[in-house]
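Structural overview
These are the residues of each chain, in order.
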Amino acid sequence: VQGIDLQKHKRIVTDEFEAFIKDQTKPNTALEARAAYIPFRIITEEDIESIVNEMFELLDETTGHLDLDLSDIMEFPVILESDRYDSLFEKAVATAGKCKQDTEMACMLAERGAKLKNEKPYEAISYFSRTLIPFYNEQNKENLCKSVFALADIYEKCGLNWAARNFYYYIFCVCINQYFKYGEVLPLLFISLNKLKYLELRLGHVLYSTEFSFFEKIAI
């Protein structure tokens, strides 16, 4: 484009991505940055086989990561034309299959926990706790929040308000992150706001309670 220094702007974008990728103090963010950087690398016509190698590595590291999803990237025409696409596809299918198996197992654990929640709350905690790692991925974000909410609810009913508070905060952070990143509003965003408003008040944190009440009104 006449009058625009494309190399300069490419360098700016590259430097920003590399800053996140090289930051070893935030490994999850680095992993997300590597995935988000791939479309830019494709657009700027980097070596496709090098990009495919990166996707293989990301699929190896994707297990247990909340915000990593390569399915859209795999539909890029240049990726489809790679000599290694079939192997990459099989790798993605195997990864998704393992995730599906883990999800089915976690759903069974969550159902068992739900049945024990009222009569045997501490036993229910052990079941819900076992769902957290299998649910910790992009496809199961809502299931993860439901399990964490169940744990928070149990802790609150058992009088463990500080533990409940931390779990409600986690739900709120995941939901608000989902909104800012993807514009998706999970129902538990509103519920966690309401829970935190009253819980903070019981703990004597009037200012925090007021802020969550303010957030709740905005959300509604």
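Structural data are supplied above this passage.
What counts and what doesn't
Here the residue index of a chain counts from 1 through its sequence in written order. At least 70 in pLDDT is required for a residue's local features to be given in this predicted model, at least 80 for side-chain atom pairs to be given and counted, and no such filter applies to totals for whole chains, interfaces and linings, which use all residues. With hydrogens and water excluded, all non-hydrogen atoms of the structure serve as input to the side-chain values. Per the convention used, a helix needs a DSSP run of H or I reaching at least four residues, while a strand needs a run of E reaching at least two, with both numbered from the N terminus. Summary of the burial criterion: residues with accessible area below 20% of their type's maximum are buried, those above 50% are exposed, and those between are partly exposed, where the area comes from a 1.4 Å probe applied to protein chains only. The contact criterion used is simple: two residues touch if any of their non-hydrogen atoms lie within 4.5 Å. In short, Shrake-Rupley with a 1.4 Å probe defines the accessible areas, and a residue's cover is counted only from the protein chains shown. In this tally, Lys and Arg are treated as positive and Asp and Glu as negative; His is ignored, and so are the chain termini. By convention, the point assigned to a charge is CZ for Arg, NZ for Lys, CD for Glu and CG for Asp. Site definitions follow a grid-based scheme: protein atoms alone, a 1 Å grid, a 1.4 Å probe that fits but cannot get out for cavities, and for pockets an open set with protein on both sides within 12 Å along at least five of seven lines, plus lining residues having an atom within 4 Å of a point. Grid points are joined across faces, edges and corners, and a volume is the space filled by probe spheres set on the points. Residues are grouped as follows: nonpolar covers Ala, Val, Leu, Ile, Met, Phe, Trp, Tyr, Cys and Pro; charged covers Asp, Glu, Lys and Arg; every other residue, Gly included, is treated as polar. In this description, a line fitted to the C-alpha atoms serves as the axis of each element, helices being fitted only across the stretch in contact, and the angle between N-to-C directions of two axes falls anywhere from 0 to 180 degrees. Crossings are assigned a handedness: left-handed for a near helix turned anticlockwise from the far helix by less than a right angle, right-handed for a clockwise turn. The rule for a salt bridge is simple: a side-chain nitrogen of Lys or Arg has to be within 4 Å of a carboxyl oxygen of Asp or Glu. Helix span is expected to be 1.5 Å times the residue number reduced by one.

**Points about the overall build of the protein**
Regarding its fold elements, the protein presents 10 helices and 0 strands. Ordering the α and β elements of the protein from the N terminus gives α-α-α-α-α-α-α-α-α-α. By its C-alpha atoms, the protein is 65 × 45 × 30 Å across when sized along the principal axes. Burial statistics for the protein: of 220 residues in total, 39% are counted as buried. For the protein, the proportion of contacts with a sequence separation of at least 24, taken over those separated by at least 6, is 56%. Accessible surface, the protein as shown: approximately 13200 Å² in total, 57% of it carbon and sulfur. Charged side chains in the protein number 25 positive and 35 negative. The centres of these two groups are separated by 10 Å.

**Notes on the layout of surface pockets**
The volume enclosed by the largest pocket comes to roughly 500 Å³. The wall of the largest pocket is formed by 26 residues, among which T62, T95, A96, C99 and Q139 lie closest to the centre. Top element by residues in the lining of the largest pocket is helix α5 (residues 85–116). It accounts for 9 residues. Looking at the lining of the largest pocket, its residues break down into 13 nonpolar, 8 polar and 5 charged.

**Here's the deal with unusual backbone geometry**
Here the phi dihedral of E45 falls at roughly 60°; this positive angle occurs in a residue that is not glycine. Mapping E45 onto the fold places it in the loop between α2 (27–43) and α3 (48–61).

**Side note on the packing of helix α8 (residues 161–182) against helix α9 (residues 187–202)**
Taken N-terminus to C-terminus, the directions of α8 and α9 make an angle of 145°; their axes are 9 Å apart at the nearest point. Of the two possible hands of crossing, α8 and α9 adopt the one that is left-handed. Counting all contacts with α8, which are made through N161, A164, R165, Y168, Y169, I171, F172, C175 and I176, the residues of α9 involved are L188, L189, S192, L193, K195, L196, L199, E200 and R202. A breakdown of the residues in the contact of α8 with α9 according to their chemical character gives 12 nonpolar, 2 polar and 4 charged.

**Remarks on the pattern of salt bridges**
Following the criterion strictly, the structure yields 16 salt bridges and no others. Linking R34 and E57 is a salt bridge whose minimum nitrogen-to-oxygen distance equals 3.5 Å. Remark: E57 occurs in helix α3 and R34 occurs in helix α2; sequence separation between them is 23 residues. The exposure class assigned to E57 is partly exposed, which follows from its relative accessible area of 40%. For the salt bridge of R41 with E46, the shortest nitrogen-to-oxygen distance reads 2.9 Å.

**Here's the deal with α5**
The end-to-end C-alpha distance of α5, which contains 32 residues, comes to 46 Å, matching closely the 46 Å that a straight helix rising 1.5 Å per residue would cover. Among the residues of α5, Y85, L88, A92, T95, C99, T103, A106, L109, A110, G113 and L116 are the ones counted as buried. On the buried face of α5, the contacting elements are α3, α4 (77–80), α6 (121–129) and α7 (141–157).

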